[in-house]
Amino acid sequence: MNFKEMIRVIPDFPQEGIRFKDITTLLKDGKAYKAAIDTMNEYAKSKAIDLIAGPEARGFVVGAPMAYALGVGFVPIRKSGKLPGETVEASYSKEYGKDVLAMHKDAIQPGQRVLICDDLLATGGTIKSTIELVEKLGGIVAGCAFLIELSYLEGRKTIAGYDIFSLVQY
């Protein structure tokens, strides 16, 4: 299946000069969505993971169905102030702004193997902060999986040293 053909590109969103990769066109096609998750899970199976962690919100759309299919837990990474329990936090810069991510302090136990999943690897800032959160709690980052990678933004350099899988590259 050609997943790239299933992703709509919207120019000048959310600001001028950005070519937004809209995954909703892939998500609404049940066969394509299932095939994308299944393909990403082939990568995940080789990592012997205990958990999947995904940053909000589109990381939930990728990570949660992967975790369900693999029979492992899912750890939501939220923006600061959105989780009710004690949290750890990490800040990051993205293509067009800054933010702070948070995760519950009890979400990951030391030594657990975690696969980080998101819809997009751009500059790598979000994933670098997610990696920081996982490692603060003693988790082992087994790899990082993405629906899309914007290779021209060189996010791989930001998270160099970690195993990376991307379904589609631009």
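The rules behind each value
Residues numbered from 1 in each chain as written. Predicted model: local features only at pLDDT ≥ 70, side-chain atom pairs only at ≥ 80, totals over all residues. Heavy atoms only, no water. Helix = DSSP H or I, 4+ residues; strand = E, 2+ residues; numbered from the N terminus. Rg over C-alpha atoms; globule rule 2.2 N^0.38 Å. Areas by Shrake-Rupley, 256 points an atom, 1.4 Å probe, with all protein chains shown as cover. Lys, Arg positive; Asp, Glu negative; His and termini not counted. Charge placed at Lys NZ, Arg CZ, Asp CG, Glu CD. Salt bridge = Lys/Arg side-chain N within 4 Å of Asp/Glu carboxyl O. Buried < 20%, exposed > 50% of the residue type's maximum accessible area, 1.4 Å probe, protein only. Axes fitted to C-alpha atoms, helices over the stretch in contact; angles between N-to-C directions. Parallel < 35°, antiparallel > 145°, perpendicular 65-115°, else oblique. Left-handed = near helix turned anticlockwise from the far one by under 90°. Contact = heavy atoms within 4.5 Å. Nonpolar A, V, L, I, M, F, W, Y, C, P; charged D, E, K, R; others polar. Core = buried A, V, L, I, M, F, W, Y, C linked by side-chain atoms within 4.5 Å. Polar contact = N/O pair within 3.5 Å; in protein donor to acceptor, adjacent residues only side chain to side chain. Phe/Tyr/Trp six-rings, centres within 6.5 Å; stacked < 30°, edge-to-face > 60°. Lys NZ or Arg CZ within 6 Å of the ring centre and 35° of its normal. Right-handed = clockwise from strand over helix to strand, strands pointing away. Pairing = 2+ DSSP bridges.

Caption draft 1: Just the overall build of the chain, in detail. A tally of helices and strands in the chain yields five helices and nine strands. The C-alpha radius of gyration of the chain comes to 15 Å, within 12% of the 15 Å expected for a compact globule of 170 residues. Dimensions of the chain along its principal axes, counting C-alpha atoms only, are 40 × 35 × 30 Å. Surface accessibility of the chain: about 8300 Å² in total, with carbon and sulfur atoms responsible for 50%. Taken together, the 21 basic and 21 acidic charged side chains of the chain have centroids lying 2 Å from each other.

Caption draft 2: Local environment of the pattern of salt bridges. For the structure shown, the criterion picks out eleven salt bridges. We note a salt bridge from Glu149 to Arg156, for which the minimum N-O separation is 2.8 Å. Its relative accessible area of 34% is what places Arg156 among the partly exposed residues.

Caption draft 3: Looking closely at the environment of Gly59. Summarising the element assignment, Gly59 is placed in helix H3 (residues 58-70). When the C-alpha positions of Gly59 and Asp118 are compared, they lie 3.9 Å apart, and in sequence the two are 59 residues distant.

Caption draft 4: Broad picture of the packing of helix H2 (residues 30-45) against H3. Following both chains from N to C, one finds H2 and H3 inclined at 65°, their axes separated by 10 Å at the closest point. On the basis of the axis angle, H2 is roughly perpendicular to H3. Crossing handedness for the pair H2 and H3: right-handed. Side by side, H2 and H3 meet where Tyr33, Ile37, Met40, Asn41, Ala44 and Lys45 of the first sit next to Val61, Val62, Pro65, Met66, Ala69 and Leu70 of the second. Taken together, the residues that form the contact of H2 with H3 break down as ten nonpolar, one polar and one charged.

Caption draft 5: Spotlight on the nonpolar core. Residues Ile52, Met66, Leu115 and Leu147 are the most contacted members of the largest nonpolar core, which totals 27 residues. Mapped by element, the contributors of at least two residues to this core are H2, H3, strand E7 (113-121), strand E8 (140-149) and strand E9 (164-169). The element best represented in this core is H2, accounting for six residues. Beyond its immediate stretch of four places on either side in the chain, Leu115 contacts Tyr43, Ala44, Ile49, Leu51, Ile52, Ala53, Met66, Gly143, Cys144 and Ala145. One finds Tyr92, Leu101, Ile127 and Ile131 within the second-largest nonpolar core, a separate group that totals 23 residues.

Caption draft 6: Spatial organisation of the side chain of Asp22. Along the chain, Asp22 turns up in strand E2 (residues 19-22). Classification of Asp22 as buried rests on a relative accessible area of 8%. At a separation of 2.7 Å, a polar atom in the side chain of Asp22 contacts the side chain of Thr24.

Caption draft 7: Looking closely at the packing of aromatic side chains. Within this structure, the stated rule accounts for three aromatic pairs. Measuring from ring centre to ring centre gives 5.7 Å for Phe60 and Phe74, while their planes differ by 85°; the resulting arrangement is edge-to-face. Of this pair, Phe60 sits in helix H3 while Phe74 sits in strand E4 (residues 73-79), and the two are 14 residues apart along the sequence. On the basis of relative accessible area, Phe74 is assigned to the partly exposed category, the value being 26%. Just above the ring of Tyr170 sits the side chain of Lys21; from NZ or CZ to the centre is 5.1 Å.

Caption draft 8: Quick peek at the pairing of strand E3 (residues 51-55). Counting buried residues in E3 gives five out of five residues, a clear majority hidden from the surface. The alternating pattern of E3 places Leu51, Ala53 and Pro55 on one face and Ile52 and Gly54 on the opposite face, and all of these are buried. Since E3 and E4 lie parallel, the crossover through H3 that links them has a hand, and here it is right-handed. In the sheet, E3 pairs with E7 via three bridges, with the strands oriented parallel.

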